[in-house]
Each structure stands twice: as C-alpha cells, then as structure tokens.
Amino acid sequence: MSTASCRHDIIPRPRYFKRQPGYFTLNQNTEIVADKVSEGTAKYLSDCLAPAMGFRLPVRTNKNTRNSNVIILGILPGRKELGGEGYELSARPQSVRIAAGEPAGLFYACQTLRQMLPAEIISPARAESPPWRLPCSEIRDFPRFPWRGLMLDTARYFHPKDFILRYIDLMAFYKMNRLHLHLNDTQSWTLEIKKYPRLTDPATRWPPGEKERGSYSRSDMREIVKYAAARQVMVIPEFDLPGHARAILNAYPELICSHIPRPAGSHDYGEMCAGKEEVYDFIGNVLDEITAVFDSPYIHIGGDEYGGWDWEKCPDCQRRITTENLEAEDTPELRKLFKNCQGSPRKYLLYRYMMRRVARMVTDRKRIPVLWDDLAWRGKFPEKSVIMQWHCRGAYDWMQNADTPENPAREAAEAGRAAVVAPHSHYYFDYLHGGALLKRLYEFDPVPRGLAANRHSFILGPHACSWERRPADVDWKVFPRLLILAEKGWAAKSLSCWDDFRQRLEKHLPRLQRLGVRCAKPLAWPRKELFFQWKAPAGAGWQTSWLINEIIAGNGEFKAEVSITRVKGEKIAAGLELAVDGHEFAPCQAAGNHEHKRAKYLFRFRIKEYKPESLYRLRLSLHGNEKSPLCGKVLVRKSNKQNA
Ligand code: ACM
Ligand code: ZN
C-alpha cells in the first residue's frame with residue numbers, strides 16, 4: 001500500500017480509503033436505520049451530530065425503509081477479517097452504509113464519519129453551517145493493536161469526574177480504548193473504599209491541607225466506567241504498591257514496617273511492610289472493592305520504584321523471608337541480576353514474593369494483573385500477568401542503580417507475557433515536546449526492535465502517560481501527541497508516513513480547537529534559536545540540562561551563549577556539555593577564559609552524525625557560587641558556518 005499523501009484528514013489513518021465522486025448530504029429528512037444490536041450506536045451518532053446541525057436524525061429499527069437519504073448501520077457476523085473493532089463504510093450520494101462484525105466496529109465507523117464531515121460539526125450549539133456533506137468514499141479499516149491507552153495521574157493532582165468524562169470522549173474520537181487511572185501515590189488515594197474510610201480522608205493527604213487533592217465516590221467511578229464502556233473505552237484502575245504508597249500509609253500506619261527507629265521529625269515515613277499478614281489482608285479487601293467498581297479484566301498493581309530499605313531491618317519482613325523459604329531462590333543467576341542493586345539482595349527476593357502474591361490475589365479474583373516492568377528483568381514474571389513497559393533499554397533504572405540492559409517489553413514478549421508499551425523516552429507526555437520531538441515520537445514503532453515476528457502478538461499496543469500534571473495543564477502536554485499515539489496504535493505500519501501525518505494534523509487542528517482542546521500549534525521546526533532561563537541556588541556546585549532537539553535537523557555547528565546575572569563579585573566557573581541519548585556528556589568547546597567573573601560565556605558544539613530518534617541534551621554546570629543564588633539565560637543557535 002502506498003504511503004503517499006492521502007486525500008482526507010482522518011486521524012488515525014484508515015487502512016483502506018478510496019475517494020469516489022460526489023457527496024452524501026445530511027439534511028432534515030435523513031434517517032439512520034439500524035438493526036437491534038446497532039441501535040445504541042445509531043443513537044450515539046445522532047446525539048453527536050444534532051447540536052451542530054440543529055436537527056436530530058431519527059433512528060429507525062424497521063427493515064422496510066427507503067434506500068435513499070439514509071445512513072444504514074448493521075452487524076455482519078461473518079466478517080471475521082474485520083476483527084472485533086474493524087468496519088466498512090461506504091458513502092455514496094444516496095446513502096451511507098456501515099457494517100462491522102461487532103458493535104465496537106460500528107462505533108469507530110461513526111468516529112470516522114464525524115471526522116469526514118466539516119469541522120463545524122463539532123459544536124455544542126447550532127453552527128453557521130456549510131452543507132453537512134460527506135465526501136463519497138469506500139473505507140475498510142481495522143486496528144493494528146488491540147490496546148491504545150492513556151494513563152491519567154489522578155493521585156498527584158485530582159482530576160474531577162467531568163474532566164475524566166471529557167477525556168473519554170476525546171479518546172473515543174481518536175479510536176483509543178484503554179484509560180488507565182493512577183489512583184494512588186505519595187500525595188493521595190482517590191477512590192472511596194468502604195472498609196477503609198481513612199484512605200480518602202483529606203487529613204491523610206500529602207502535604208497536609210493540600211487543596212488540589214480529592215477522591216471519587218464509588219458511584220462517581222461507576223458512572224465513569226459506564227460512560228467509558230458506552231464509548232468502547234475500558235477503565236483500568238491502578239493500585240500502586242508497595243512503593244508510591246505514602247497516602248495509604250498515612251491513613252493506616254499499622255501497615256508500615258514496625259520497630260524501625262526514626263529520628264523525631266524525620267520525613268522518612270516508613271515503607272509498606274511485606275512481612276505482616278495484615279498488609280495482605282488490607283490488599284485483598286481493597287481489591288475486593290476495586291473489582292466491585294471496575295469491570296475491566298485488568299487490575300494494575302504497580303510494583304514500580306520501591307525502596308525496601310526498612311525491609312532489611314524489619315523483623316516481620318525478615319521472618320517472611322524465612323517462613324516462605326525465599327532464600328532457596330537466591331541462586332548465583334539471581335545474584336547476577338541484582339549485582340548492582342542498592343541494599344541487600346534479600347529485599348529483592350521479598351519484593352518478588354510480594355508482587356507474585358498480590359498478582360495471584362488478582363488472578364484469584366478472575367482478573368489479569370498488570371505490573372510496571374520493574375520486576376520484568378529481574379528473572380521472573382508473575383503468572384498470567386501483563387507487563388507495562390516504562391523503562392527503555394539504556395535508560396537509568398533507579399532500583400537497580402544501572403542502565404536498563406534490555407527492552408523490558410521485548411523481554412516480556414519473549415517470555416510469553418503480554419506487554420503494553422509506555423517507554424518514558426517517548427510515551428511520557430508530561431515531558432517536553434515540540435516539532436522535532438513530534439517527528440521522533442511518530443517514527444517510534446511500538447514493537448521492540450529485534451522481536452521475532454512470531455512474538456509480535458504479545459505486544460498489546462502503545463500507552464501514553466500523563467504524570468504529575470494539574471488538570472488545567474493536561475491538554476497542553478497531551479496534545480497533539482495523543483493523536484500520534486492514536487495513529488501508531490491503530491494505523492497499518494505500512495501506511496506510517498510522517499509527512500502525510502503532518503499534513504493531516506495541520507488540517508485537523510480546527511477540530512481540536514472546536515473540541516475545546518488547548519493544543520499548542522506544533523512549532524515550526526527546526527527553530528532558529530532556543531532560549532532557556534535558569535536559577536541556581538547558592539552552593540558549591542549546580543547543574544541543569546535542557547533538550548535541544550528543536551534546533552537540530554541535521555549535522556552542523558552550533559553555539560551556545562550562557563549569560564549569568566547576580567554574580568556579586570564571585571568567581572564562577574561555567575561548563576557546558578552535550579549528551580546524545582543518555583548520560584555520556586561531552587564538554588562543549590569553550591571560547592575564552594571561563595574562570596572569571598564574567599557576564600557571558602560562549603560555547604560551541606558540533607553534531608556529526610545526526611539521528612532524528614536521538615535525544616540531544618545540553619548540561620550546564622556552575623562551580624564557585626557559594627554565597628548567593630544565581631540566575632541567567634542560555635541562547636542556543638545554529639552557527640553560520642557551513643555544515644560539518
Ligand atoms: C513510573 O514512572 N514510575 C512508572
Ligand atoms: Zn516489614
């Protein structure tokens with residue numbers, strides 16, 4: 001199939017699209033005809049179109065209707081090749097016919113139809129309309145991956161129910177189908193649990209008195225789940241443990257490892273004990289209530305970034321290692337896996353035991369556990385689990401105090417476990433973005449490099465994460481990247497073409513505006529210059545860094561001018577270094593003497609082997625500012641010299 005520019009601006013790009021002459025026009029006499037199974041979707045379509053058109057298309061379920069000025073929806077159970085989510089849409093001057101094997105396919109056909117109409121169809125009130133014309137076309141479409149996900153971090157900043165419902169609508173418009181809610185973290189626990197009311201007591205949130213936290217009642221959450229299901233979105237709860245659990249431990253300190261001396265006023269609040277049986281009782285009771293609210297087959301149980309420092313000293317934890325005979329798992333192979341780990345390897349044995357046991361508690365409740373990948377490359381995957389990748393090969397792993405040796409999604413798939421792909425390098429949408437990084441994101445394929453073809457089906461699909469953002473900031477961060485993720489999750493790999501996507505995105509932007517999405521216009525790239533401001537506290541040494549991809553589009557020579565204000569007579573040494581993917585920073589060439597009190601420092605660096613998928617980062621280091629805080633700017637420009 002061709003990757004050449006296509007003649008529509010549908011996102012994600014349909015698998016097969018052929019424009020035919022003419023248009024189908026919706027008017028006051030148009031009807032929607034549906035079979036019984038399709039009636040709900042037909043009504044949804046009518047509801048979506050009515051506000052902007054100022055009239056509602058009636059939905060009829062009788063068979064003997066006319067053949068013209070009609071949109072016909074129907075299930076064709078024999079169409080196996082369309083899968084559970086695929087559809088066919090045939091728009092002709094007289095009628096539009098939509099067929100699918102299952103209701104999800106009809107639903108996605110309706111999203112395609114909405115995107116084929118003029119952008120004004122997205123309006124909460126009657127629009128000064130152009131004719132409501134649909135270009136005649138033949139479409140056959142189905143997704144590449146079954147999982148097209150987004151995680152919202154409701155624990156760091158509470159996301160009100162209406163915010164979540166709006167995001168479900170946005171996801172559905174782009175054929176995304178998995179909403180993952182990060183329900184607890186250091187700052188708060190956000191779901192009402194009847195048996196443990198202190199979890200959602202404002203007094204147990206962190207920091208105390210913080211106004212931006214809140215919680216969902218069970219009925220709120222049931223409403224969210226129902227609303228999502230009607231839009232083909234599955235809501236997956238995350239109960240993050242044993243790390244990221246401070247809010248739980250604030251509410252129920254009896255779950256903390258006991259007998260650990262802590263200095264008075266210490267900010268070290270303790271850790272969730274892996275030894276006490278009460279902890280497992282608590283987890284089981286919470287899981288009972290979570291499974292009563294969420295009907296998702298998946299329950300995410302976290303497992304990321306735990307410390308386990310107290311476990312080494314806690315008598316209950318140590319006893320558990322003995323009573324469960326965990327030492328028997330302490331083989332030389334396992335030691336090799338943990339060779340860089342911080343603290344005693346015994347705590348990793350206990351961590352594995354705890355996560356395996358909680359995973360089993362989930363499977364006992366007839367659900368599938370999802371785990372962050374922290375456990376994945378430590379030798380053992382819990383049975384029947386789904387691994388959610390967030391580390392990427394070569395990226396620093398805090399628990400292991402080492403770079404991640406392999407791609408955890410690939411390791412999971414090779415071990416026969418399903419994997420969801422959310423590497424922070426590409427799919428953490430709270431990170432910086434811009435034109436160059438959008439292209440980089442588009443070029444990233446969710447299937448790990450080198451994975452054998454017979455293992456590809458273990459890769460469930462791509463998953464975006466929006467961490468630690470206030471609701472008001474989520475749009476800016478998530479869009480337009482979410483459209484790229486939707487495209488990569490749905491569209492055929494053979495149709496992946498950045499230039500075509502960029503053109504569709506450009507034409508598509510008015511729709512985002514009408515959806516009320518606060519989306520920065522994708523920046524022109526490469527930019528002529530980049531400008532950063534920084535503030536350094538008083539102290540002997542200080543460092544900060546910035547991504548500079550937005551200024552780089554090929555090999556060349558660049559210069560960076562560092563200006564420092566408020567030096568106050570101190571002697572400051574400034575250094576600038578360039579890193580390409582990771583932590584190997586190479587000093588930039590400095591012009592002039594940088595040891596003295598100066599307002600400006602000039603550096604040069606050269607890109608010799610430009611790679612669009614690489615991350616280019618500049619790091620500024622200051623030394624000698626003991627007495628006073630400093631602030632300043634960095635201006636990065638392409639040098640006028642010829643490309644290297
Ligand atoms: C994570 O970012 N700790 C999953
Ligand atoms: Zn303990």
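Refer to the preceding data block for the structure.
Residues numbered from 1 in each chain as written. Chains lettered and ligands numbered in written order. Predicted model: local features only at pLDDT ≥ 70, side-chain atom pairs only at ≥ 80, totals over all residues. Heavy atoms only, no water.

Moving on, we get to the coordination of the zinc ion (ligand 2). The protein atoms that coordinate the zinc ion (ligand 2) are Cys257 (SG), Cys273 (SG), Cys314 (SG) and Cys317 (SG), at distances spanning 2.3 Å. Of note, the zinc ion (ligand 2) draws all its donor residues from one chain, in the sequence arrangement C-x15-C-x40-C-x2-C. Here the residue Cys257 occupies a position in the loop between helix 5 (246–251) and helix 6 (277–293), and Cys273 occupies one in the loop between helix 5 and helix 6, the gap between them amounting to 16 residues. Take Cys257: its relative accessible area is 3%, and that puts it in the buried class. (Donors = N, O, S within 2.8 Å, 3.2 Å for Na, K, Ca; no water. Helix = DSSP H or I, 4+ residues; strand = E, 2+ residues; numbered from the N terminus. Buried < 20%, exposed > 50% of the residue type's maximum accessible area, 1.4 Å probe, protein only.)

The next point concerns the packing of helix 6 against helix 9 (residues 346–364). Closest axis-to-axis distance for the helix 6/helix 9 pair is 10 Å, and the angle between their directions is 35 degrees. The two elements helix 6 and helix 9 meet at a crossing, and its hand is right-handed. Together, Glu277, Val279, Tyr280, Ile283, Gly284 and Leu287 of helix 6 and Tyr353, Met354, Arg357, Val358, Met361 and Val362 of helix 9 make up the contact between the two elements. A per-class count over the contact of helix 6 with helix 9 returns nine nonpolar, one polar and two charged. (Axes fitted to C-alpha atoms, helices over the stretch in contact; angles between N-to-C directions. Left-handed = near helix turned anticlockwise from the far one by under 90°. Contact = heavy atoms within 4.5 Å. Nonpolar A, V, L, I, M, F, W, Y, C, P; charged D, E, K, R; others polar.)

Let us look at the sheet that holds strand 16 (residues 418–421). Pairing within the closed barrel is parallel, and its eight strands lie in the order 8-9-10-11-12-13-16-17. Here the strands of the sheet are splayed against their neighbours by 30 degrees on average, with no regard to which way each runs. (Pairing = 2+ DSSP bridges.)

Along the chain, the position of Arg15 falls in the segment before strand 1 (16–26). One buried charged residue, Arg15, remains without a salt bridge, the closest side chain of opposite sign being Asp141 at 5.0 Å. A polar atom in the side chain of Arg15 sits 3.2 Å from the backbone oxygen of Phe142. (Lys, Arg positive; Asp, Glu negative; His and termini not counted. Salt bridge = Lys/Arg side-chain N within 4 Å of Asp/Glu carboxyl O. Polar contact = N/O pair within 3.5 Å; in protein donor to acceptor, adjacent residues only side chain to side chain.)

This part takes up the pairing of strand 9 (residues 178–182). Among the five residues of strand 9, five are classified as buried, and the element is accordingly described as predominantly covered. Neither face of strand 9 is open: one carries Arg178, His180 and His182, the other Leu179 and Leu181, and all of them are buried. As for the winding sense of the linkage, the β-α-β connection from strand 8 (residues 149–153) through helix 3 (residues 161–173) to strand 9 is right-handed. Bridge count for strand 9 against strand 10 (residues 234–241) is five bridges, and the pairing is parallel. Paired with His182 across the two strands is Glu238, which belongs to strand 10. (Right-handed = clockwise from strand over helix to strand, strands pointing away.)

Turning to unusual backbone geometry, a few remarks are in order. Residues Trp206 and Pro207 are joined by a peptide bond in cis, for which omega reads -10 degrees. Its location among the elements puts Pro207 in the loop between strand 9 and helix 4 (218–229). Residue Pro242 is reached from Leu241 by a cis peptide bond, and omega for that bond is -5 degrees. In this structure, Pro242 sits in the loop between strand 10 and helix 5. Phi angles above zero are rare outside glycine, and His259 is one such case at about 60 degrees. By the element assignment, His259 lies in the loop between helix 5 and helix 6. Its relative accessible area of 65% is what places His259 among the exposed residues. Despite not being glycine, Glu468 has its phi angle at roughly 55 degrees, a positive value.

Counting 148 residues, the largest nonpolar core has Phe239, Phe282, Ile283, Met354 and Phe479 as its most contacted members. Element by element, the count of residues in this core is highest for helix 9, at 11 residues. Once residues within four sequence positions are removed from consideration, Ile283 is found in contact with Phe239, Leu241, Met354, Val358 and Met361. Judged by nonpolar contacts, the second largest core, of 29 residues, contains Ile564, Tyr601, Tyr616 and Leu620. (Core = buried A, V, L, I, M, F, W, Y, C linked by side-chain atoms within 4.5 Å.)

The seven strands lie next to each other as 1-7-5-6-4-2-3, forming an open sheet whose pairing is mixed. Every other strand in the sheet has two partners, leaving strand 1 and strand 3 (59–60) as the edge strands with one partner each. The sheet contact formed by strand 2 (residues 31–34) and strand 3 spans two bridges and is parallel. Each bridged residue has a counterpart across the sheet, and for Val33 the counterpart in strand 3 is Arg60. Relative to strand 2, helix 1 (residues 39–53) is tilted by about 165 degrees, and along the sheet it contacts strand 1, strand 2, strand 3, strand 4 (70–75) and strand 7 (132–141).

Turning our attention to the pattern of salt bridges. Tallying each qualifying case throughout the model produces 41 salt bridges. Salt-bridge contacts for Asp500 lead to Arg13; the nearest nitrogen and oxygen are separated by 2.9 Å. Pair noted here: Asp500 is in helix 15 (residues 498–514) and Arg13 is in the segment before strand 1, with a separation of 487 residues, a long-range link. Across the pair, exposure class does not vary: Asp500 and Arg13 are buried alike. In this structure, the salt-bridge partner of Glu289 is Arg218, at a minimum N-O distance of 3.0 Å. With Glu289 in helix 6 and Arg218 in helix 4, this residue pair connects regions lying 71 residues apart in the sequence. No difference in accessibility class separates Glu289 from Arg218, as the two residues are buried.

All told, the structure shown has 29 aromatic pairs when counted by the stated rule. Relative to Tyr298, the ring of Trp147 lies with its centre 5.1 Å away and its plane at 65 degrees, an arrangement referred to as edge-to-face. One end of the pair, Trp147, is in the loop between strand 7 and strand 8; the other, Tyr298, is in strand 11 (residues 298–302), with 151 residues separating them in the sequence. Arranged with centres 5.4 Å apart and planes meeting at 10 degrees, the rings of Phe558 and Phe605 form a pair that is stacked. (Phe/Tyr/Trp six-rings, centres within 6.5 Å; stacked < 30°, edge-to-face > 60°.)

As for its position among the elements, Pro237 is in strand 10. In sequence terms Pro237 and His159 are 78 residues apart; their C-alpha atoms lie 14 Å from each other. Those residues within four positions of Pro237 in sequence are excluded, and the remaining contacts are Leu181, Leu183, Ile290, Phe294, Tyr298, Ile299 and His300.

With that settled, consider the side chain of Ser95. By secondary structure assignment, the location of Ser95 is in strand 6 (residues 95–100). According to the relative accessible area criterion, Ser95 is buried, its value standing at 8%. When sequence neighbours within four positions are dropped, the list of residues in contact with Ser95 reads Phe24, Asn67, Val70 and Ser90.

What follows is about the environment of Ala119. Relative to the elements of secondary structure, Ala119 occurs in the loop between helix 2 (103–116) and strand 7. Taking the relative accessible area as the measure of exposure, Ala119 reaches 15% and is therefore buried. Each C-alpha atom, one on Ala119 and one on Glu406, is 44 Å from the other, the two residues being 287 residues apart in sequence. Residues contacting Ala119, with those up to four places away along its chain left out, are Pro510, Arg511 and Arg514.

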